[in-house]
Every structure is written in C-alpha cells, then in structure tokens.
Amino acid sequence: MKKQGNIKNNVTKRSLYVKTALVAILFTVAYCGDPIPVEKMANAKDAIAKAEMVNAKEYAKEKYDAAVKALFASHNQVSEGEMEEAAKKADEAKKLAEEAFQQAAPTYAAKKKEKAEDAITKAADLNAEEFASEDYQNALNEKQKGEEAEKAGDFIKAARAYEESERYAQKAIDTSKAQEASLKQRIAMVQDKIRKAEEAGATESASAELSQAKQDIASAEQNINSLKYKLAVVNIQNAETKADEALQKAMEQKAEKKYQEAQAAVNSSKTSLDDLKKQMEDPALQEALKEKPQAQELLSTLQDSQSAAEDALKNAEKAKNDKAYEDSIASSEEAIRLAKVVEDQIPSLQVLLAEAKQRSAELEKEKQEKAKGNKKKQETTTVRKGWKKYTVRYIPKRRDCLWRIAGYKFIYGDPRLWPRIYKANKHKIKNPDLIYPGQVFDIPPK
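Residues numbered from 1 in each chain as written. Predicted model: local features only at pLDDT ≥ 70, side-chain atom pairs only at ≥ 80, totals over all residues. Heavy atoms only, no water.

### What to know about the overall build of the protein
Put simply, the rule is: Only DSSP runs of H or I covering at least 4 residues are called helices, and only runs of E covering at least 2 are called strands; the numbering of each starts at the N terminus. Classification of residues uses two cut-offs on accessible area relative to the type maximum, computed with a 1.4 Å probe and protein chains only: under 20% is buried, over 50% is exposed, and between them is partly exposed. When checking whether two residues touch, look at their non-hydrogen atoms; a contact exists if any pair is within 4.5 Å. Using a 1.4 Å probe, the Shrake-Rupley method yields the accessible areas, and only the shown protein chains count as cover for residues.
Helix and strand counts for the protein stand at 17 helices and two strands. Sorting the 446 residues of the protein into buried and exposed places 37% on the buried side. Put simply, of all contacts in the protein between residues at least 6 apart along the chain, 70% involve residues at least 24 apart. Looking at the protein as shown, the accessible area adds up to about 26,400 Å², and 49% of this sits on carbon and sulfur atoms.

In structure tokens form, the structure reads like this:
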C-alpha cells in the first residue's frame, strides 16, 4: 500500500511538472489565439503514468506507445500554435493511456499472483506450514485479499496484495530452510534405530519393515536436497514408524530366543545340582562327608547361585510378557551367567564327592574286614596253650607292622622279637615288610 501511495505521488509530481512546463510555454510563445490545453495535457500525462504502474510498456505496448506518441504530438502542436489540435491529441493520448491501463492491469495482477503462488508453493514444499506457520498463513491471507480485489476489478490493489503475499512466503521460505540441520538430525536418529534393529536381528525377523525404513530415509535425504522438506518430514515419520516396528519385532524374537536359552541353561544346572544333592543325601556317604566340610560349603554356594538364576529367569519371563524386551534380554543373560557359574563349579563338588565315596568305600571295607576278623577270631580260638590271635589294624598315622606288633605290651613288649611272629605265620606273610589290615596272625608265647 505504501508503494502504491508513492506511485500516486510520483504521478501527481509529474502532472504538476507538465502543468508548469505548459504554463511556461504559454508565456514564452507569442500567440494571441486559443489558450494552451494545459489541463488536458496533464491529464494525459497522469493516464500514461498510471499505465506505467501496471507495466503497460510490456503488457499493452501498442496502445502505450500510441499514447506517448499522441502526447508528444500535442506538445509539438502547442509549439506551432495549433491549440485546438493540441487539445485533441491530449485527449487522444489520455484515452489511449487508459485503454493501455485496462489492457495491462489484469496481466500485471496475474503476473504478481503467479509469483506469489510460486513462492507459496516453494514454502509449502519446505513445510512452512509447520516451520513458519505465521508467515505462511499471512502469505495465504494476502493472496486471498488479492483474489478478492482482482475479482472486484481493482487490479492495483490486487497486485499490491500479491506482492505482500510473495514477501511473506519468501520470509517463510527463509525460516524453513533453516530447519535443514534439524531434519538431518532426525534422520540420524532414525538411522540409529535402524542400526539397533539390525543388531537385534531385524534383517531376518523384520526384513520388510527394515527395507521400507531404509527406503524412506533415502527418500527423505533426496527431498531435503531438492528443498522439499514437507515430503522429507513425511518420509522421516514413515521411516521412524517402520524402524520402530522392525526393532520391536526383532527385540521380541531376540528376547524369546534368549529366554529359551536361559531356560535351558537354568534347567541343566538345576538337574546337575539336584543329582549331586541326591547323592550327598546317601547315608553311606554321610560319615565320609564329615571329613569334607568344604563340600557342604560349596553346595550351599551353588544352591544360592542356582536360586538367583531361577529368580533372574522369572524376571526375564515377566519382562517379556510386559513387552519390556531389553529388560527381558538382560535378565535372561544374567540367568545364563549364574547357571554357568553353577555348571563351572559342579566339577569341584564332584571331585569332593568322589573323594568322599572313596573314603566311604574304605570305611566299609574296614568294617567288613573287621567283622570278618571278629568272626574268624570267634571261630579260631587258641589251639595251643599260651598262643594269641592278633588282627592287623588300619591306623593311618602309625600303620601296623611286625616290628610294632611285637613291641605292643600286650604282645611281647619287645619289637626285636618280631621274627617269632613271622616264623609262626609264614604261610600268611609273603614279605615281612608287607602286611595288610584285616590279616589275623598267630602269636606264639614270648
């Protein structure tokens, strides 16, 4: 509107200049006939200036040129003193200028509208409706005002409204272009989700969703380069949705697979541990296990680890059912770790149990040999007067030998007499240095 006012002021100034010039001619030309048609010539000049406002030089060239030519002719006729003809040419110039205006004005407004619409389209492509909503809406409002003025036949007003529309649209374009970095950051975030989905196994479990997400991201990057941010935003949103779907599906399958793995590991460690516990409950082993307190301590530690593994497995199942797949995977991995701790320590417990079994067997053998010796002792009483029976005993720290037996007070009380025992039992002793627990020797009198 300000520009329109300036143009009108310029037209007025031109009109005053023409009138002043014509008045000067009036006083310099020695002529006593009809007065100079100053007013008509000024009006013609105003009409030509108005035609220029709508670019009649281009859109109504023929009529515009004719108007200018007629006005010059009017000036020449004034110089020649042909005032009547000058007035007619001034009227003709005005009429031609007005026709030029009427012919050019619609095209002029249409061109302005075209520029405004082009700028609005570019702004829309750049997603200005979201990124620069106020300026974008102002551009639309000014365009609507221009269309209303154009419909009413006020092409000057229409053109000015379209210019304002273009200005607002261009401002929205500049603001929207500044969002490029933000869009690229969003793309990077979606690409990170795609990478996580691939790491979770989406290439196999959600290949369609993963492929679509990658395609949408590629389209988003292309649209950003083409300054079509609105399409890029749609691409990014679609890509994010598909990446989320791919990640969710992949994590669900990974969580299930990891849970099954954890379940198998925990069940295996439980079976192995239960088997050892059952063996340790054997009454025959209880006496031997008293000498292996570390076995009971290790069993208690493994039971605690097994219990923790089973708790972790329950947590994994609950998280999986709640669709908290990352938590489920973490709990499954913890269950697997604890189950492995149990499995890795079981061999140590098995060694202790094997040692206890061996000791139990030794105790049983001693018991049997003792019982057998007692039985023989009962069956074979001293057949000769003064003779005794002696059963070789198992004493870990001080094993029986012929020397020690002879030295016992209840035998001879003198270890040097061991040869008497050897000679009396040669049929039982192959080597006097090797005797065994459970052997029964005949002891001759001292």
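### A closer look at the nonpolar core
The tendency in soluble globular proteins is for nonpolar side chains to be buried side by side. What counts here: Residues belong to one nonpolar core when they are buried, are Ala, Val, Leu, Ile, Met, Phe, Trp, Tyr or Cys, and are joined through side-chain atoms within 4.5 Å.
The biggest cluster of nonpolar side chains holds 40 residues, and the ones touching the most others in it are Y136, L183, V190, I194 and A202. Of all the elements in the fold, those that place two or more residues in this core are α5 (83-125), α6 (128-131), α7 (133-151), α8 (155-177), α9 (180-199), α11 (207-225), α12 (229-280) and α15 (325-379). Residue contributions to this core peak at 11 residues, all from α12. Counting 36 residues, the second-largest nonpolar core is a separate cluster that includes M41, F101, A105 and A149.

### Overview of unusual backbone geometry
Phi is positive for N127, close to 65°, though the residue is something other than glycine. Examined against the element boundaries, N127 turns out to sit in the loop between α5 and α6. When its relative accessible area of 6% is taken as the criterion, N127 is described as buried. Phi at L227 takes a positive value of approximately 60°, unusual for a residue other than glycine.

### Section: helix α14 (residues 293-321)
Applicable threshold: One less than the residue count of a helix, multiplied by 1.5 Å, gives the span that helix is expected to have.
The end-to-end C-alpha separation of α14 is 43 Å, in line with the 42 Å expected for 29 residues at 1.5 Å each. Those residues of α14 that sit buried are A295, L298, L299, L302, S305, Q306, A309, A312, L313, A316, A319 and K320. K323, located one to two residues past α14, shows a positive phi value of around 65°.

### Description of the packing of aromatic side chains
Formally: Only Phe, Tyr and Trp rings take part, Trp by its six-membered ring, and two of them pair if their centres are within 6.5 Å. Stacked means planes under 30 degrees apart, edge-to-face means over 60, and tilted covers everything else.
Applying the stated criterion across every chain yields a total of four aromatic pairs. Ring centres of W418 and Y422 lie 6.5 Å apart, and the angle between their planes is 55°; this geometry places the pair in the tilted category. Taken together, the residues W418 and Y422, both in helix α17 (residues 418-424) and four residues apart, mark about one turn of the helix. Given the relative accessible area of 29%, W418 is considered partly exposed.

### Details of the pattern of salt bridges
Note the following rule: Should a side-chain nitrogen of Lys or Arg be within 4 Å of a carboxyl oxygen of Asp or Glu, the pair is scored as a salt bridge.
Summed over the entire model, instances satisfying the criterion amount to 35 salt bridges. Across the pair D192 and K196 runs a salt bridge, and its minimum N-O distance is 3.8 Å. In this pair, D192 and K196 both sit in helix α9, four residues apart, roughly one turn of the helix. For K214, the salt bridge identified is with E198, shortest N-O distance 2.6 Å.

### Some points on the side chain of E142
Relative to the helices and strands, E142 is located in helix α7. Residue class for E142 comes out buried when judged on its relative accessible area of 14%. Among all residues touching E142, those that are not within four sequence positions of it are A161, E164, S165 and Y168.

### Things to note about the environment of A197
On the secondary structure map, A197 appears in helix α9. Taking the C-alpha atoms as reference, A197 lies 8.1 Å from D244; in sequence the two are 47 residues apart.

### Considerations on the packing of helix α2 (residues 38-53) against helix α4 (residues 61-79)
Note the cut-off: Inter-axis angles, ranging from 0 to 180 degrees, are taken between N-to-C directions of lines fitted to C-alpha atoms, where helices are fitted over the stretch in contact. Should an angle lie under 35 degrees it is considered roughly parallel, over 145 roughly antiparallel, and from 65 to 115 roughly perpendicular; all remaining angles are considered oblique. Each crossing gets its handedness from the near helix: less than a right angle anticlockwise from the far helix is left-handed, clockwise is right-handed. Classification used: nonpolar for Ala, Val, Leu, Ile, Met, Phe, Trp, Tyr, Cys and Pro, charged for Asp, Glu, Lys and Arg, polar for all others including Gly.
Their axes nearest at 10 Å, the elements α2 and α4 cross at an angle of 155°. In terms of orientation, α2 and α4 fall into the roughly antiparallel class. Judged by the sense of rotation from one axis to the other, the crossing of α2 with α4 is left-handed. Taking contact as the criterion, the partners of M41, A44, K45, I48, A51 and E52 in α2 are, on α4, Y64, A67, V68, L71, S74, H75 and V78. Each residue belonging to the contact of α2 with α4 can be placed in one class, and the counts come to nine nonpolar, two polar and two charged.

### Some details on the environment of A67
Along the chain, A67 falls in helix α4. Taking the C-alpha atoms as reference points, A67 and A90, separated by 23 residues in sequence, lie 8.8 Å from one another.

### A closer look at the pairing of strand β2 (residues 440-443)
Along any regular strand the residues' side chains alternate between the sheet's two faces. Rules: Paired strands, as defined in this entry, are two strands with at least two bridges between them according to DSSP.
Residues V440 and D442 point to one face of β2 and F441 and I443 to the other, with burial holding for every one of them. With four bridges joining them, strand β1 (residues 388-391) and β2 adopt antiparallel strand pairing. Along β2, the bridge assignment pairs K388 with I443.

### Focus on α11
Basically, it comes down to this: To obtain the arc, one takes the directions from the helix axis to the C-beta atoms.
Under the 1.5 Å per step criterion, the end-to-end length of α11 is 27 Å for 19 residues, consistent within 8% with the ideal 27 Å. All of the buried residues along α11 are E209, L210, A213, D216, I217, A220, N223 and I224. The buried residues of α11 occupy an angular sector of 150° when the element is viewed end-on, so they sit on one face. More than 90 degrees from the buried face of α11, the exposed residues found are A208, Q222 and N225. Looking at the buried residues of α11, the elements they touch are α9, α10 (202-205) and α12. Looking one or two residues past α11, L227 carries a phi angle of roughly 60°, positive in sign.

### Digging into the confidence of the model for the protein
For clarity, the threshold we go by: Confidence of the predictor at the level of single residues is given by pLDDT, which spans 0 to 100.
Mean pLDDT over the protein: 87, with 90% of residues reaching 70 or higher. This stretch, residues 379-383, has a pLDDT under 50; its non-local contacts, to residues over four places away or in other chains, come to four contacts.

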